[in-house]
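Breakdown of the fold
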Amino acid sequence: MISRVALISTGRLMYFGKRREMLPYFAFIEYPCPAYKNPSDYYLDLVTLDDLSAEAMLESSQRVEMLAETFRRRQEALSDPGSPGPLPEEVRKENLCMQLMGLWIRAMIFQFPYNMVHWLLMALVAGVTSLAIGCVFWDVRTISSSSGSPTPTEPTPSQQQQEGVNNRAGFHYAMAGLGPWPVLLMAISEVWRDRPAVARDVEDGLYSRGVYIVTKTCYSFLAAGGAFLAYVLPAYTMAGLPAAPTFFASNGDSESYGTGVTQSTENSRNII
């Protein structure tokens, strides 16, 4: 439903006000709506210039001028705005401690619980990625030694270790080079989303870039630590964490394997 009505003709207001007050207004200025007549059609015809003849054009233009002047006189005069008020004070740049406190309060209190949800989501993505890598490299670091003396067809533990060097290297490469990308992309998207607001605050002098970087790094330690544990523990547990003697033996076999590969490469070069 229409609550307010504006009648405009030749760029001037004939009436502007509440819908229920339009009929009493025109009746008061001696232009009542006839009975059984649609008020919308009647008052649109009333404020429209009639160009069928010169006499009709003159009469309608005089009527429109009179209606516009009547409505102008009935408008309330504008109140005196008074003397201009004082301009707002310039933004005062706080000291280093207040900037750090303000950023900490905004990050920990005013952004709660959205920051907590984002941190939990990062830990969840890191955990799912770690589980995927752990499933691919399941039990790849465990040494399975046979009971008793090995048979001629059964590989010795050292041979098993030497055969699993490439798998263990692939596991470490996957953990260091491929797995962190989902969490890194989430962190980059968060920084890119906050970039316009931070740039506006820095331009207004609320804080400096260095203070924001230090504060962002400090209060992100907890979330980064949680994501790191969620990423490292499942994959290394599923891949098989060896005991201390086995771990050092594994490293020794890896070094001997690497030395053998290097020597064989050098011999091939000498032969060539």
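All figures in this text were calculated on a predicted structure; none of them were measured in a lab.

With that out of the way, let us pick up the overall build of the chain. Check the secondary structure of the chain and you find eleven helices and two strands. Its helices and strands in sequence order give the chain the pattern β-β-α-α-α-α-α-α-α-α-α-α-α, from N to C terminus. Buried residues in the chain amount to 25% of all 272 residues. Contacts in the chain between residues at least 24 apart in sequence constitute 63% of all its contacts with a sequence separation of at least 6. Accessible area of the chain: about 19500 Å², with a carbon and sulfur share of 63%.

On to the packing of helix α4 (residues 96–110) against helix α9 (residues 209–219). Put simply, α4 and α9 touch, their axes get as near as 10 Å, and they point 45° apart. In terms of axis orientation, α4 runs oblique to α9. When you trace α4 past α9, the crossing you get is right-handed. Contact with α4, carried on its side by Leu96, Gln99, Leu100, Leu103, Trp104, Arg106, Ala107 and Met108, involves Val211, Tyr212, Thr215, Cys218 and Tyr219 of α9 and no other residues of that element. Of the residues that constitute the contact of α4 with α9, the class distribution is ten nonpolar, two polar and one charged.

Definitions and cut-offs
- Residues numbered from 1 in each chain as written.
- Predicted model: local features only at pLDDT ≥ 70, side-chain atom pairs only at ≥ 80, totals over all residues.
- Heavy atoms only, no water.
- Helix = DSSP H or I, 4+ residues; strand = E, 2+ residues; numbered from the N terminus.
- Buried < 20%, exposed > 50% of the residue type's maximum accessible area, 1.4 Å probe, protein only.
- Contact = heavy atoms within 4.5 Å.
- Areas by Shrake-Rupley, 256 points an atom, 1.4 Å probe, with all protein chains shown as cover.
- Axes fitted to C-alpha atoms, helices over the stretch in contact; angles between N-to-C directions.
- Parallel < 35°, antiparallel > 145°, perpendicular 65-115°, else oblique.
- Left-handed = near helix turned anticlockwise from the far one by under 90°.
- Nonpolar A, V, L, I, M, F, W, Y, C, P; charged D, E, K, R; others polar.

In short, geometric facts, not functional conclusions.
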